[in-house]
Amino acid sequence: MKYIRRQQIKLFRKKWSESYNFKTLISSMASLCITTLFALYHGFLGLALSSIWHGSICAFYLLLVAIRENILLTEYKIKSKSEKEKQNRRQKIFYATSALLFLLNLALILPISLMVRLQKPINIGKIPAVAMAVYTTYKITMAIIHMRKLQAYHVLIRELRTINLIDALVSILTLQNTLIMVNINAGEGNNMLTLSAISSAAIYLFIIILTLNLIRQEVFHHE
């Protein structure tokens, strides 16, 4: 039994180091679990505190869950299919999840607007805020690294990496708002409001560009 387990671990490590697709799918499974927990957490707070912000960010995370789940389920179902069948199924699920991606972009308008107006509920201190900053830095760094040279991989891998970057960018917006609210002093509200509005608009615009660019590449690829 121990020998079989060691062989399975060895095979997993080999696939992890040699297959970028396998690495992306496994890491996306972990992200799916984490995102589901985030959605449940914010959904609970939204109901318990009657918080519009928590409810709206819950909707964002639920859409992320739906996109990741559909892609991962598709990859599982087609793993024994021919390459041509895989390509056809991937293209179909891409168009379906692209619609969800547009909804995700729209769902971000409300939570971002609330953060811009500094109306996001804050109930953490400086130490948790610093820990949140470290995690967010790691998250955005890894998302950017994996966005490089994606043209060599199929469309669903590119979509997974794109939504990972969008997820990381939203984390930056949340972190920014948290740090502002934790450290803001009396009389600084207007300055912080302007800073929050400019940076939030820039990041949201970048998220829209990422979404449109992903779809544009796939449409032009099949023309």
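Note that the structure is predicted; figures quoted are calculated from it, not measured.

### Focus: the overall build of the protein chain
For step 1, the next point in the chain: Scanning the protein chain from N- to C-terminus turns up eight helices and zero strands.
For step 2, the next point in the chain: For the protein chain, the α and β elements follow one another from N to C terminus as α-α-α-α-α-α-α-α.
For step 3, the next point in the chain: Counting every position in the protein chain, which comprises 223 residues, the buried fraction comes to 42%.
For step 4, the next point in the chain: Sequence-distant contacts in the protein chain: of pairs separated by 6 or more residues, those separated by 24 or more amount to 80%.
For step 5, the next point in the chain: Accessible surface, the protein chain as shown: approximately 12900 Å² in total, 66% of it carbon and sulfur.

### Regarding the nonpolar core
For step 1, the next point in the chain: Core analysis: the largest hydrophobic core is formed by 42 residues, its most contacted members being Phe60, Leu104 and Leu108.
For step 2, the next point in the chain: Listed by contribution, the elements that provide at least two residues to this core are helix H2 (20-48), helix H3 (52-77), helix H4 (83-107), helix H5 (109-116), helix H6 (126-147), helix H7 (155-183) and helix H8 (189-221).
For step 3, the next point in the chain: Top element by residues in this core is H7. It accounts for eleven residues.
For step 4, the next point in the chain: Sequence-distant contacts of Phe60, defined by excluding residues within four places in its chain, comprise Leu104, Leu108, Ile166, Asp167 and Val170.

### So, a nonpolar patch on the surface
For step 1, the next point in the chain: Residues Ile34, Tyr135 and Tyr138 make up a contiguous nonpolar surface patch of about 310 Å² in total accessible area.
For step 2, the next point in the chain: Locating Ile34 in the fold gives a position in helix H2.
For step 3, the next point in the chain: Under the relative-accessibility criterion, Ile34 is labelled partly exposed at 38%.

The rules behind these values
Residues numbered from 1 in each chain as written. Predicted model: local features only at pLDDT ≥ 70, side-chain atom pairs only at ≥ 80, totals over all residues. Heavy atoms only, no water. Helix = DSSP H or I, 4+ residues; strand = E, 2+ residues; numbered from the N terminus. Buried < 20%, exposed > 50% of the residue type's maximum accessible area, 1.4 Å probe, protein only. Contact = heavy atoms within 4.5 Å. Areas by Shrake-Rupley, 256 points an atom, 1.4 Å probe, with all protein chains shown as cover. Core = buried A, V, L, I, M, F, W, Y, C linked by side-chain atoms within 4.5 Å. Patch = residues over 30% accessible without salt bridge, like charges linked within 9 Å, V, L, I, M, F, W, Y side chains within 5 Å. Salt bridge = Lys/Arg side-chain N within 4 Å of Asp/Glu carboxyl O.

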